[in-house]
Amino acid sequence: MSEHQSVWRKYIFSLDHKMIGKQYLFLGIFFLLFGGFQALLIRWQLAYPEQPVPWWLLGFLFKGSGGIIDPDMYNQLFTMHGTIMIFWAITPILIGAFGNYVIPLQIGARDMAFPTLNMLSFWTMFLASIVLLASYFLPDGTAAGGWTSYPPLSLEEGGIPGHGQTYWTLALTLAGTSTMMGAINYVITVIRMRAPGMTYFKMPLSVWGLWLTSILNAIFVPVIAAGLIMLLLDRLLGTQFFLAGRLAAGGGGDPLLYQHVFWIFGHPEVYILILPVWGIVSELLSVFSRKPAFGYKVTAICMCTIVVLSSIVWGHHMYTTGMSPLLGKSFMFLTLLISIPSSIFFFNWLLTLWKGSLHFKTPMLYTMAVIWVFAIGGLTGLYNATVTADIYLHDTMFVVGHFHYTMAASVLFGGYAAISYWYPKMFGRMMNPLMNRIHFWGTFISLNLVFFNMMVLGYAGHHRRIYNPAEYDFIKPLMGLNEFITYAAIVLGAFQFIYLFNFTWSMFKGPIAEKNPWKSNTLEWTVDYPVPHGNFAEIPQVYNGPNEYSNPKVKGQDWVPQSVQIESAG
Amino acid sequence: MTNLKKWLPGIWFMDPPKDISLDGYRIDNVIQYTDFVITLYFGIVVAALAFFVWKYNSRKHPKAAYEHGDKKKHLIMTVVMGMVVFLSIDVVIETMSFRDLKEAFWNFPKGKDVLRIEAMPMQYAWNFRYAGEDEEFGTDDDVVPPQNILNIPVNTPVVVQLTTYDVIHSFYLPNFRIKQDATPGMVTAIWFQATETGEYEIACAELCGNGHFKMKGYLKVQSKEDFYTWLSEQEPEVTEDDWDDWGDDEDEGVPTKWGWPWKEVK
Amino acid sequence: MKDHKKDYFYNAAWLTIITLFEVWIVGTNLDRIAMVTILIAFTVTKMMLVALIYMHLRYETKLLRRLIVLPIPLALFFLWGVVYDLSFNWTI
Amino acid sequence: MNQTLAAGKSFGTATTGKLAMWLFLVMDALTFITILIGGIALRNAAPSWPQADVILNVPLTAFNTFLLICTSFTMVMALNGVQRNDQKSLVKYLGLTILGGVVFLGIQVYEYYHFIAGNESLGAALSASGFSGDKFLPSTGMYGAVFYTTTSFHGLHVLSGVIYLFVIFLQAKNGIYGSDNFDRVEIAGLFWHFVDLIWILVFTIIYLL
Ligand code: HEA
Ligand code: HEA
Ligand code: CUA
Ligand SMILES: [Cu+2]
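What counts and how
- Within each chain, residues carry numbers counting from 1 in the order of the written sequence.
- Both sets of labels track the order of writing: A upward for chains, 1 upward for ligands.
- Only residues with pLDDT of at least 70 get local features here, since the model is predicted, and only at 80 or more are side-chain atom pairs given and counted; chain-wide, interface and lining totals rely on the full set of residues.
- Derived side-chain values reflect all non-hydrogen atoms in the structure, with water molecules and hydrogen atoms excluded from consideration.
- Proximity is defined per residue: if any heavy atom of the residue lies within 4 Å of a molecule or strand, that residue is considered near it.
- Counted as a polar contact is a pair of N or O atoms within 3.5 Å, where, for protein atoms, one must be capable of donating a hydrogen and the other of accepting one, and residues adjacent in sequence contribute only when both atoms are in side chains.
- Numbered from the N terminus, helices here are DSSP runs of H or I no shorter than four residues, and strands are runs of E no shorter than two.
- Under the convention used throughout, the expected extent of a helix is 1.5 Å for every residue step, that is, one less than its residue count.
- Exposure is judged per residue with a 1.4 Å probe applied to protein chains only, and the accessible area is read against the type maximum: over 50% gives exposed, under 20% gives buried, and values in between give partly exposed.
- Values of pLDDT, the confidence the predictor places in each residue, fall between 0 and 100.
- Here, a salt bridge means any side-chain nitrogen of Lys or Arg that lies within 4 Å of a carboxyl oxygen of Asp or Glu.
- The contact criterion used throughout is that any non-hydrogen atoms of two residues lie within 4.5 Å.
- Stacked, edge-to-face and tilted are the three classes for Phe, Tyr and Trp ring pairs, Trp counted by its six-membered ring, which pair at centre distances within 6.5 Å; planes under 30 degrees apart are stacked, over 60 edge-to-face, the rest tilted.
- Placement of a positive charge over a ring is assigned whenever Lys NZ or Arg CZ falls within 6 Å of the ring centre and within 35 degrees of the normal to the ring plane.

S.K.: Can you tell me about the site of ligand 1, naming the residues and giving the values?
M.R.: In the neighbourhood of ligand 1, 33 residues make up the surrounding shell, with Trp147, Tyr271, Asp390, His394 and His402 of chain A lying closest. The residues that come close to ligand 1 belong to more than one chain, namely chains A and B. A distance of 3.1 Å separates an oxygen atom of ligand 1 from a polar backbone atom of alanine 385 of chain A. Histidine 394 of chain A is positioned such that a nitrogen or oxygen atom in its side chain is 2.7 Å from an oxygen atom of ligand 1.

S.K.: Describe helix α11 (residues 362-385) of chain A, listing the residues and the values that go with them.
M.R.: Between the first and last C-alpha of α11 of chain A there are 34 Å, a value that for 24 residues agrees with the 34 Å anticipated at 1.5 Å per step. Of all 24 residues making up α11 of chain A, 22 are buried, and the element is well covered by its neighbours.

S.K.: Outline the confidence of the model for chain D, listing residues and values.
M.R.: Within chain D, residue pLDDT values average 88, and 96% of them lie at 70 or more. If you check the scores for this complex, the pTM reads 0.95 and the ipTM reads 0.94.

S.K.: Let's hear about the pattern of salt bridges: which residues, and what values?
M.R.: The full count for this structure, using the stated rule, is 19 salt bridges over all chains. Residue aspartate 16 of chain A pairs with lysine 18 of chain A through a salt bridge whose shortest N-O separation is 3.1 Å. Accessibility expressed as a relative area gives 10% for aspartate 16 of chain A, which makes it buried. Classification of lysine 18 of chain A as buried rests on a relative accessible area of 4%. Salt-bridge contacts for lysine 18 of chain D lead to glutamate 186 of chain D; the nearest nitrogen and oxygen are separated by 2.9 Å. Linking lysine 18 of chain D in helix α1 (residues 16-45) with glutamate 186 of chain D in helix α7 (residues 183-208), this pair joins segments that are 168 residues apart in sequence. You'll find lysine 18 of chain D and glutamate 186 of chain D in the same group, each marked buried. Three or more residues are tied together by salt bridges with common partners; here these are Asp23, Arg26, Arg99, Asp100 and Glu103 of chain B.

S.K.: Now, about the environment of phenylalanine 171 of chain B: what can you tell me, with residues and values included?
M.R.: Residue and element names in this part refer to chain B. Looking at the element boundaries, phenylalanine 171 is found in strand β6 (residues 169-173). We classify phenylalanine 171 as buried; its relative accessible area is 0%. When the C-alpha atoms of phenylalanine 171 and isoleucine 202 are compared, they prove to be 7.1 Å apart, with 31 residues separating the residues in sequence. Among residues more than four places away in sequence, those in contact with phenylalanine 171 are Trp126, Phe128, Leu150, Val160, Leu162, Ile178, Lys179, Gln180, Ile190, Phe192, Ile202 and Ala203.

S.K.: Just give me the short version of the packing of aromatic side chains, but keep the residues and values in it.
M.R.: Summed over the entire model, instances satisfying the criterion amount to 112 aromatic pairs over all chains. Here the aromatic rings of phenylalanine 413 of chain A and phenylalanine 444 of chain A are separated by 6.3 Å at their centres, their planes lie at 50°, and the arrangement is tilted. Of the two residues, phenylalanine 413 of chain A is situated in helix α13 (residues 397-427) and phenylalanine 444 of chain A in helix α14 (residues 433-459); the sequence distance between them amounts to 31 residues. You'll find phenylalanine 413 of chain A and phenylalanine 444 of chain A in the same group, each marked buried. Taking the centre distance of 5.5 Å and the plane angle of 70° together, the rings of tryptophan 126 of chain B and phenylalanine 171 of chain B count as edge-to-face. Taken together, the residues span a long stretch of sequence, with tryptophan 126 of chain B in the loop between β1 (115-119) and β2 (128-130) and phenylalanine 171 of chain B in strand β6 at a distance of 45 residues. Taken together, the aromatic side chains of Trp49, Phe104, Tyr112, Phe115, Phe131, Phe136, Tyr143, Phe147, Tyr148, Trp199, Phe203 and Tyr207 of chain D make up a single cluster linked through ring pairs. Its guanidinium or amino end placed over the ring of phenylalanine 201 of chain A, lysine 297 of chain A lies 4.9 Å from that ring's centre, counting from NZ or CZ. Just above the ring of tyrosine 392 of chain A sits the side chain of arginine 177 of chain B; from NZ or CZ to the centre is 5.3 Å.

Okay, structure coming up:
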């Protein structure tokens, strides 16, 4: 590899998976901030409906409407908040950044299978971001049909003016294209580029999670691509796939078709977001308990089972559409089946801690928080899965609470764990543990206050996506709680800046990291910082599983790199 | 299982809207049961976490056990755990739910006693239609009350059939614990029965545009006599013959000709 | 490497013959259900011929073949679910 | 950046690029299948659906099908050529394949043009199927929507295939492929056959059923 690369090749159009991973990371953090800011505006409106946005929430942005958020703006806010958080924050951070950064290093490869495709994938995502951001400058604003964008509301005939929805659809199609390129790359890389000796069941569970996520991406993003194409044609060419009733002159199609296509993709999508976290959590629990992951194989198989099951349960988002009894019952049954593998690997997580030697480094704290929040998030999924309970809870804040626990809370904590854990390898320095601890506790407490109380609201009947809840008498008594959530959310948001500060500051001022600060076994810790393009001087030969911690055969230390034969170690 | 509410504490400190329906308790019950078991499991998880943190932290327990957990007994243990969760939560709530669907929510009442209503939400209002004296929809004595007004008699099963004028809406009655989407191009149905008189709210639970948040209806549950008095006081709407034509003929944004011959529920 | 020229030629011939037969059968007034069944059977045959011979799936490993076939049942499940739900109505 | 592929003999001699192409084809197929599922579901729920041969020109399209089958044959012959290091036949058959693809596209464009420009006999066919007007457009009911979406999406694939093959063709003319280096020809061939395979499905569903 030549050392004389132009800045251009090195930082911008880099082919190095590590640089591309970082690019994704920064893209994701930017949108995480952006989406988080929108969340706070949503919260402001829910607590103080139609009151001027204060300056510290950038109230001047709403000068046009007298400082207040108007209904149209509110719809745009949560639509873009959901879209951005899912497709532009979590996907780039967990799959784009860590998929890229971690997979080749952990399986002992020099790079991705297709470095150019990898670069193209990032730049397609970048283009998608530009299209998405451009929609903020349209005269009628961004899309406003919810992140699910059900037609006919998301069609011309549905009554939302302007081209925001078209931009949204285009941006999402582009982002999908990027994701598909990435998915091909990750799947094939894991199949093809593993170092000698790295069998499937010697891969770290984090690779398992990322790999399974990519498989889901490969199968289901094409499905939503088809849906988006049809939506786009409906908007641009006058087809009527998703129009029916009075709005569809001369026949027309069926809005339910979109819902099916969307959720055939949409349900797996939520597992796409959580699978990397499950993998990372399984791996980190083992590292910081200094103990092999309990039931490693079973955990991997459970994740595979969930991948399979996740593709046949989409109907649970549509119980109230007038679904036939047969489908309703089948989908409930299939959905509930997921709790078996979920609780099995959950049990394995807990038993990994059992008899371990727990080191509460910051990545471990975030990881343990995932156990807490995912237990709540997962278990509340069961209410939603129940047809009768869901007749009441569907489209209420209860669902919002459920998915923030699973998505926002679990995935965010998983992301923080991953960032803190791989930071030394990515940037060569350590993050400040004190700041991380403060951030951890602040986030953990306020986040639970925010999201748990959302479920309380939902149970009390508060439906979602409403601009001014106080319109309803039955919600009026809940407004106090709404205010409380908003305070908590503001605190939550404020604490994130500690992390952001720590993240940036440590990049320049943090203590230089050792080669293997966490004493981990996996291959990425066998190379020095900065990891050169090409990663390994010599492709390692893998001998052990990823979790040989506290192996009694190893003398003098409680870890052994995967590439060191145990008999000859220590 | 009778009313679970009596002996299981809920975990939500805000009460849901007052239940005034015949079957709402079923939904409350299944939620209560789920509350109970998941609190239990979450408690176990938290207890385990706390115990491990206390017992196995590295200061107290510097040497971890070397345990892969891949022996047969471990496999059996975890699978049994999974099955316990499945049997104690999933199977139970599934049984409850299927029973309730069969006995109540999917068991549409038939017969003379049933009040039939057609509903056609639009951006952003509720239109309701009663069959009138002859109990046939599409005749000249159909009653269409002012928008957003729905009156029903107490202790009478009510079947509402829905379709929509424009985009998807969802007919949500918090006090009855139910909702049903109204989707263009199809007629969906829902039924309920009130057990108490009073005034309640109807909400739209599906995002339908800028006015979604104030797409609110007023539900008045009256005694039977009051209801029929009220009904007879309403102006019957003269309908025209072309049923498919509803909508082209708007009067200040209020569709005049709409409705459909009553459809039997499967 | 073995020479498959002959296979390729026969394959093209078969594909053409089946296509001609399909077009012909549509012109007859066969019972609708029988016609649909026949057409689907022929289509599947043709697709298999292309995949197995032209795309050399016949010469790939069993694992690859299986993996490629795997999404088909999934797609059929989607088809069933969507078709069933869209044609279902609570009211008649 | 050469790395020995120590792991994963489970796919035999299939190269990494080939596996990736297969994966891509499966994904692409899923997009197609979703559109087709939509079409089938809508058709199944529709009160009426025109007989295929009333509006569409089935014989012409049958010829197109035949053409695609032929190009699949020439494509595989091109591969056969390069495997035998027969440069001439590689270039010749690749050229024929591209030509076939272009003619296919030409016929499709002609068909579209005929529909979009409209004429009286088309108008008669349309009204026989319950549509008004004498132009057949994407907005002509569900039928037009399904027809145009599937066929144009397929057409785009043919177009990309033609471009893709053209690149390979230029490279082949420069003689960079040979009996020890034909992986990329094979991969391009996979894509081309896939386009044919999907067309078989589209032809049956849109033109025959
Ligand atoms: C990462 C995201 C994520 C995850 C992981 C999940 C996980 C689950 N979700 Fe969730 N869900 C969403 C994100 C997610 N969901 C989103 C975004 C929506 C709304 C979209 C929208 O409408 O906008 C949604 C909506 C949603 C609905 C539709 C609600 C409605 O709109 O009316 C349903 C219904 O069934 C559902 C169910 C489930 C179930 C059963 C799981 C299961 O996977 C959960 C399985 C886990 C467990 C069962 C817990 C594990 C077990 C234990 C903790 C017990 C262990 C105990 C011991 C060891 C002692 N979800
Ligand atoms: C992963 C996804 C995700 C995340 C993280 C969040 C985060 C938050 N969400 Fe969001 N939300 C959704 C996904 C998400 N949400 C979706 C899909 C919807 C549905 C949309 C729809 O209805 O269509 C929704 C809807 C939604 C609503 C309902 C609106 C309505 O129905 O009317 C509300 C209301 O309170 C809300 C609030 C919040 C809050 C307070 C947070 C807080 O957690 C935000 C706190 C802020 C941050 C966490 C970001 C700060 C980050 C940094 C400072 C950078 C840190 C630095 C480094 C990493 C280096 N969200
Ligand atoms: Cu109507 Cu929301
Ligand atoms: Cu789901």
